[in-house]
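# Geometric and topological summary
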Amino acid sequence: MSRETEAFFRQLQVFLDQHEDEFENIDEAINYYVTQFNAGLIDEPEDDTDRALDLLEMALDYEDADERLALLEEANQLDPHNLDIYCALCLERYGEMEAIPYIEEKTAEYFKTHRQSIKESSYARIENRPYFRARKFLLDFYKQEYLLGKAENTAKELLRNNPNDNLGARYSLMGTYVLSFQHKKARSFFKKEPMHQEDDQMLFYMAVSLILDEDIQYAERIIKKLLKINPTITRFFIEREFDSFLVYSFLPDEYYQPNSERSLAIAFAEVLSLFQHSEYLYWTFQKILKQTNPEYFDQYYAQQVNWLNSYAEAYELAGTGIFTNISSQYVRPLLLEGLRTLEDFQAKYEREVLAIDGIGKGTVKKLRENGVTFKGE
């Protein structure tokens, strides 16, 4: 949700706090406010919170550390209760390691003074969202530093206080169970919600846990489900050895589609160290995928062989027949597209050949000089 949208809901919350009892129900109050807002009849005076958030955004864009710190300090003075601002200030002032105790203390204070609001309104109340984001930041830190006991407790707390799980704490909790080899807890949590059965990330975590727990039969069933709802899982296991760079290349900057390479990359990143240190884990996962979808792997390996053989074939054919006066670096792209004979070219339009990477008008001109014609001629 954008800052502008959060600002709208924050003003709506202020309106409800002041006027909800003037309406028959909350829906009527919300409809009235939205109608007035859309008609331009709602004044939106900028308050200290708005000004503080403007300063926060400015600070995040500044390259100079001193200027960032000054802006964040000013923002914190305007709105000392906003944990987005406080976290940014602590990280700028102290660095991550030293900032953590301050953020822990501040979030504990916020929960103590806003317990009722968190229990009743949870993440839906805009004012509470910086608190939840700060707790999620701490959760990610705990996992990153292998403070897995703290990570587990924080993830459970987030799920307890925010059952809708707007920040994805369920994935962090499942990843924590896998990293700490708590396989029984992983199974129990996975089976707790039916929706986990259709969630590619949860299926992935469950499969990893089962392989490490040596329950291969159950792992096979889970991986078959995962392959069905997200076939891109095979892309991460196509090479003979695990490729961490492939995971990093698919990690999204912000948003991502479920059941995509990016959603799986996020899941991989949570348990990356396991794949980096366990050849057995990667090999077993890959073996199950090969048994489940052999055609994909056979086709890929055949393409790899063809790709390698094309170097030798291009060198051999360059300068001969229809490839006279054409060097091997230009012959090879044609061979990879299955263009070896006059008949092959006659099945392609000239524009299709020009669209091949590495092939230009100069190569096409030489092909024509060597007797090549194209489809439609």
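Residue numbers here run from 1 along each chain, matching the order of that chain's written sequence. Per-residue local features of the predicted model are confined to residues with pLDDT of at least 70, and side-chain atom pairs are confined, for both listing and counting, to 80 or more; whole-chain, interface and lining totals are unaffected and use all residues. Excluded from the side-chain calculation are hydrogens and water; included are all heavy atoms of the structure.

### Some details on the overall build of the chain
Inclusion rule: The helix count covers DSSP runs of H or I at least four residues long, the strand count covers runs of E at least two residues long, and both are numbered beginning at the N terminus. Each radius of gyration reported is based on C-alpha atoms, and the globular scaling rule is 2.2 Å times the count of residues to the power 0.38. Partly exposed describes any residue whose relative accessible area lies between the buried limit of under 20% and the exposed limit of over 50%, with all areas from a 1.4 Å probe on protein chains only and scaled to the type maximum. Here, two residues are considered to be in contact whenever any of their heavy atoms come within 4.5 Å of each other. Using the Shrake-Rupley algorithm and a 1.4 Å probe, accessible areas are obtained, with residue cover drawn only from the displayed protein chains.
In terms of helices and strands, the chain carries 22 helices and 0 strands. Taking 377 residues into account, the globule formula puts the C-alpha radius of gyration at 21 Å, and the chain, at 29 Å, lies well above it. The principal-axis extents of the C-alpha atoms in the chain amount to approximately 85 × 55 × 50 Å. In the chain, buried positions account for 43% of the 377 residues. Sequence separation of at least 24 residues holds for 58% of the intrachain contacts in the chain that already meet a minimum separation of 6. Approximately 21,100 Å² of the chain is accessible, and the part contributed by carbon and sulfur atoms is 49%.

### Section: a negative patch on the surface
Operational definition: In this scheme, patches are assembled from residues that exceed 30% relative accessible area and form no salt bridge. Like charges are connected within 9 Å, while nonpolar side chains (Val, Leu, Ile, Met, Phe, Trp, Tyr) are connected within 5 Å. For salt bridges, the criterion is a side-chain nitrogen of Lys or Arg within 4 Å of an Asp or Glu carboxyl oxygen. Residues scored as charged are limited to Lys and Arg (positive) and Asp and Glu (negative), so that His and the chain ends carry no count. By convention, the charge on Lys lies at NZ, on Arg at CZ, on Asp at CG and on Glu at CD.
A contiguous patch of negative charge, built from Glu63, Asp64, Asp66 and Glu67, is present on the exposed surface. Relative to the elements of secondary structure, Asp64 occurs in the loop between helix 3 (48-61) and helix 4 (65-78). When its relative accessible area of 35% is taken as the criterion, Asp64 is described as partly exposed.

### Concerning the side chain of Asn161
Within the secondary structure, Asn161 is located in helix 9 (residues 148-161). Of the residues examined, Asn161 reaches a relative accessible area of 6% and is grouped as buried. Those residues in contact with Asn161, other than ones at most four positions away along the chain, are Phe111, Ile118, Lys119, Ser122, Tyr131 and Phe132.

### A short note on the nonpolar core
Where we set the bar: By nonpolar core is meant a set of buried Ala, Val, Leu, Ile, Met, Phe, Trp, Tyr and Cys residues that side-chain atoms within 4.5 Å join together.
With 71 residues, the main nonpolar core has Phe204, Ile233, Phe275 and Phe285 as its most contacted residues. Residue contacts for Phe204: discarding those within four places in its chain leaves Leu226, Ile233, Leu264, Ala267, Phe268, Val271, Phe275 and Phe285.

### Some remarks on the pattern of salt bridges
This model, assessed by the stated rule, comprises 17 salt bridges. The partner of Lys156 in a salt bridge is Glu152, and the shortest N-O contact between them spans 2.9 Å. One end of the pair is Lys156 and the other is Glu152, both in helix 9 and 4 residues apart, which spans about a single turn. On the basis of relative accessibility, which here comes to 32%, the residue Lys156 falls in the partly exposed class. By relative accessible area, which is 7% here, Glu152 ends up buried. For Lys185, the salt bridge identified is with Glu152, shortest N-O distance 2.9 Å. Linking Lys185 in helix 11 (residues 183-192) with Glu152 in helix 9, this pair joins segments that are 33 residues apart in sequence. Each of Glu152, Lys156 and Lys185 takes part in salt bridges that share partners, so that together they form one network.

### A short note on the confidence of the model for the chain
Low-pLDDT portions of the prediction should not be read for the details of their coordinates. Which entries qualify depends on this criterion: Known as pLDDT, the predictor's confidence for each residue is given on a scale from 0 to 100.
The share of residues in the chain with pLDDT of 70 or more is 95%, and the mean pLDDT across the chain is 90. When mean pLDDT is taken per element in the chain, helix 12 (residues 200-212) scores highest with 98 and helix 1 (residues 3-19) scores lowest with 70.

### What to know about the packing of helix 8 (residues 129-144) against helix 9
The condition is simple: As a rule, the C-alpha atoms of each element are fitted with a line to give its axis, helices using only the stretch in contact, and angles between N-to-C directions run from 0 to 180 degrees. Each angle gets one of four labels, with under 35 degrees taken as roughly parallel, over 145 as roughly antiparallel, 65 to 115 as roughly perpendicular, and the rest as oblique. If you view the pair so one helix is near and one far, a crossing is left-handed when the near helix is turned anticlockwise from the far one by less than a right angle, and right-handed when it is turned clockwise. In this classification, Asp, Glu, Lys and Arg are treated as charged, Ala, Val, Leu, Ile, Met, Phe, Trp, Tyr, Cys and Pro as nonpolar, and every other residue, Gly included, as polar.
The geometry of helix 8 relative to helix 9 is characterised by a closest axis approach of 8 Å and an angle of 155 degrees between their N-to-C directions. It follows from the interaxial angle that helix 8 and helix 9 lie roughly antiparallel. Remark: the crossing between helix 8 and helix 9 carries left-handed chirality. Contacts from Tyr131, Phe132, Arg135, Lys136, Leu139, Tyr142 and Lys143 in helix 8 reach Leu148, Lys150, Ala151, Thr154, Ala155, Glu157, Leu158 and Asn161 in helix 9. For the contact of helix 8 with helix 9, a count of residues per class yields 8 nonpolar, 2 polar and 5 charged.

### Considerations on a positive patch on the surface
Residues Lys112, Arg115, Lys119 and Arg160 make up a contiguous surface patch of positive charge. As for its placement among the helices and strands, Lys112 is situated in helix 6 (residues 96-113).

### With respect to the packing of helix 11 against helix 12
Following both chains from N to C, one finds helix 11 and helix 12 inclined at 150 degrees, their axes separated by 10 Å at the closest point. Classified by the angle between their axes, helix 11 and helix 12 sit roughly antiparallel to one another. The handedness of the crossing between helix 11 and helix 12 comes out as left-handed. Counting all contacts with helix 11, which are made through His183, Ala186, Arg187, Phe189 and Phe190, the residues of helix 12 involved are Met202, Leu203, Met206, Ser209, Leu210 and Leu212. Residue composition of the contact of helix 11 with helix 12, by class: 8 nonpolar, 2 polar and 1 charged.

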